[in-house]
Amino acid sequence: PRPCVLPFIYSSKAYSSCTADGSQNKRLWCATTGNYDRHPEWKYCALTEYGGNSGGQPCVFPFTYKGQTFYSCTNKDAQIGRFWCATTGSYDKDEKWSYCADKRLYANQIGACVFPFIYNGKRYSSCTTAGASTGKLWCSLTNNYDTHRKWTYCDPSEPRPCHFPFIFKGKSYSACTHEGAGDGQLWCATTANYDTDSKWKACSQQEYEGNSNGQVCVFPFTYKNRTFYTCTNEDTKGGRFWCATTGSYDKDKKWSYCADTRQHGNNMGPCVFPFVYKSKTYSSCTTAGASTGKLWCSLTSNYDTDPKWTYCDPSEPRPCHFPFIFKGKSYSTCTKEGSGDGQLWCATTADYNKDSKWKACALQEYEGSSNGQACVFPFIYKSRTFYTCTSEDTGDGRFWCATTGNYDQDKKWSYCADTGDQQQPSDDYCNSSNEI
């Protein structure tokens, strides 16, 4: 049986896939020559996989063959050109295959992803959403899409999430890896043990799909009145991880699937407030125990008995904007109003109702060259005396303070607690000259 020839001409019209046109019994068919009008040779289209050494098991996408990543059937190395697919995630490893259902076949989009590829003059080493209005991941089937416009969607058969950690060749991985990928693709297993299951996916390096069409994650975001600094798989079919693309899913209902490169073996879920750490109760993110001075929160109510945590890193580390509007009321300090988990927060723009941009307020100094040491007031900066935190010379407008009496001399500083003494703009300093 010869394969479908796509596209083909029938009644002077071009067909790029199987059709029921002209079929008295409405069964799908295709021509097995390029022009049925001249050479009326045809076959009924197979609706399911058939034959092969898998006995017609369904295709698994993506699959690897000769170190390349396939998201579509291929006729590479096939007798008489019939299209086939692997029936596990790796033909190279398992050598299991079937002939493809003809209804899977189209005139274009047949072949292996080529990494890296050029699109709009930019180089891509993985599937991308660039240029896709739907936010769907795709790859080029040639090394330069700009000159040879052949592509396919990167749709896996089972759109399951990465499983971290996973075993590959006896080694444990807690993040996406290039190991074993012949075409340099970042990948992860979708089960606990790739060695036994051969189930995997190409890791996306950017957000995709969702009702935001692949807009980037915004952290923190609120969902069911809880604070998330990581992606979550809560309430998703198939367990895929997602994020809000504004500061409040509860308010705006905007989301994307998360880039797989955001995910790791741990650190997934909402902050839990209050939480216990070393027998002390915390109702906000803290730097306690963090040698770097970075803010973190527990993902369980008691870190001492169930030590799961995540950093409290906002996507946009902008400062609080005081005053700000929330539900028609003006706030000049951090507030718990509207916070389902009791978190102190502030807006980072003048109007939360309009922008949905916010941050959890830090109750203590954090990061900086002092790793979160407490402010020292007054302090000297550029030969001036400061009695409050300042945003002077910070790229993002966040407020900072010296942690010794003289920044000019010691260069020691931290970001200020949001509940501290800040002004906007910051101009509370004394001129250090002797003039009166």
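Residues numbered from 1 in each chain as written. Predicted model: local features only at pLDDT ≥ 70, side-chain atom pairs only at ≥ 80, totals over all residues. Heavy atoms only, no water.

> It is not clear to me how the overall build of the protein chain should be interpreted in this structure. Could you clarify?
From N to C terminus, the protein chain includes 5 helices and 33 strands. Taken over C-alpha atoms, the radius of gyration comes to 29 Å for the protein chain, far larger than the 22 Å a tight globule of 436 residues would show. Principal axes of the C-alpha set define a box for the protein chain whose edges measure 100 × 45 × 40 Å. In the protein chain, which comprises 436 residues, the share counted as buried stands at 46%. The contacts in the protein chain between residues at least 6 apart in sequence include a share of 55% that link residues at least 24 apart. Accessible surface computed for the protein chain: about 21,200 Å², of which carbon and sulfur atoms make up 47%. Of the charged side chains in the protein chain, 47 are positive and 43 negative, and the gap between their average positions amounts to 8 Å. (Helix = DSSP H or I, 4+ residues; strand = E, 2+ residues; numbered from the N terminus. Rg over C-alpha atoms; globule rule 2.2 N^0.38 Å. Buried < 20%, exposed > 50% of the residue type's maximum accessible area, 1.4 Å probe, protein only. Contact = heavy atoms within 4.5 Å. Areas by Shrake-Rupley, 256 points an atom, 1.4 Å probe, with all protein chains shown as cover. Lys, Arg positive; Asp, Glu negative; His and termini not counted. Charge placed at Lys NZ, Arg CZ, Asp CG, Glu CD.)

> What is the right way to read the pattern of salt bridges from this model?
Side chains carrying opposite charge are able to pair once their charged atoms draw close together. Under the counting rule described, the total for this entry stands at 20 salt bridges. Of the charged contacts in the structure, one is a salt bridge between K93 and D94, with a shortest N-O distance of 3.2 Å. Here E392 ties to R384 by a salt bridge, and the two come within 2.5 Å at their closest N and O atoms. It is possible to trace a salt-bridge network through shared partners that takes in K224, R226, E234 and D235. (Salt bridge = Lys/Arg side-chain N within 4 Å of Asp/Glu carboxyl O.)

> I'm lost on the state of the cysteines in this one. Help?
By definition, a disulfide links the sulfur atoms of two cysteines through a covalent bond. The tally for this structure, following the rule as stated, stands at 16 disulfides. Here C59 pairs with C85 through a disulfide, and the sulfurs are 2.0 Å apart. Across the S-S bond of C59 and C85 the torsion is about -85°, and the bridge reads as left-handed. In this pair, C59 sits in the loop between β4 (42-44) and β5 (63-65) while C85 sits in strand β7 (residues 84-86), placing the two residues 26 residues apart along the sequence. Owing to a relative accessible area of 5%, C59 belongs among the buried residues under this scheme. Here C271 is linked by a disulfide to C297, with a sulfur-sulfur distance of 2.1 Å. For the disulfide bridge between C271 and C297, the dihedral angle about the S-S bond is near -75°, and by the sign convention the bridge is left-handed. (Disulfide = S-S within 2.5 Å.)

> Any chance you could explain the packing of aromatic side chains here in plain terms?
The description of an aromatic ring pair uses the distance of the two centres, along with the angle that the planes make with each other. Summed over the entire model, instances satisfying the criterion amount to 69 aromatic pairs. The interplanar angle of 15° and the centroid separation of 5.4 Å between the aromatic rings of F8 and Y15 together place this pair among those described as stacked. Its relative accessible area of 9% is what places Y15 among the buried residues. Summarising the aromatic geometry, the rings of Y381 and Y407 are spaced 5.4 Å apart at their centres and angled 75° between planes, so their arrangement reads as edge-to-face. Residue Y381 is found in strand β29 (residues 379-381), and its partner Y407 is found in helix α5 (residues 407-410); the two are separated by 26 residues along the sequence. Assessed through its relative accessible area of 9%, Y381 is described here as buried. Ring-pair connections join several aromatic residues into one group, and the members of that group are Y50, F61, F63, Y65, F70, W84, Y91, W97 and Y99. One residue, R240, lies across the ring of Y257, its end atom 3.8 Å from the ring centre. K251 extends its terminal NZ or CZ atom over the ring of Y352, reaching a point 5.8 Å from the ring centre. (Phe/Tyr/Trp six-rings, centres within 6.5 Å; stacked < 30°, edge-to-face > 60°. Lys NZ or Arg CZ within 6 Å of the ring centre and 35° of its normal.)

> Would you mind going over the nonpolar core with me for this structure?
If you look at the biggest cluster of nonpolar residues, it comprises 43 residues, and the most contacted ones within it are C139, F166 and F221. Taken together, the elements giving at least two residues each to this core come down to β9 (117-119), β11 (138-140), β13 (166-168), β15 (187-189), β16 (200-202), β17 (221-223) and β19 (242-244). In contact with F166, other than residues within four places in its own chain, are K171, S172, Y173, A175, T177, W187, C188, A189, T191 and A192. Grouped together as the second largest cluster of nonpolar side chains are 41 residues, C285, A288, L299 and A402 included. (Core = buried A, V, L, I, M, F, W, Y, C linked by side-chain atoms within 4.5 Å.)

> How should the UniProt feature "domain: Fibronectin type-II" (unreviewed entry) in the protein chain be read in this particular structure?
As recorded in UniProt, the sites labelled "domain: Fibronectin type-II" (unreviewed entry) are residues 1-47, 54-102, 108-156, 157-205, 212-260, 266-314, 315-363 and 370-418. The span residues 157-205 shows a helical share of 8% and a strand share of 24%, and its end C-alpha atoms are spaced 19 Å apart. Helix makes up 8% of residues 212-260 and strand makes up 24%, while its end C-alpha atoms are separated by 17 Å. (UniProt positions renumbered as here; feature names shortened; annotations may be inferred.)

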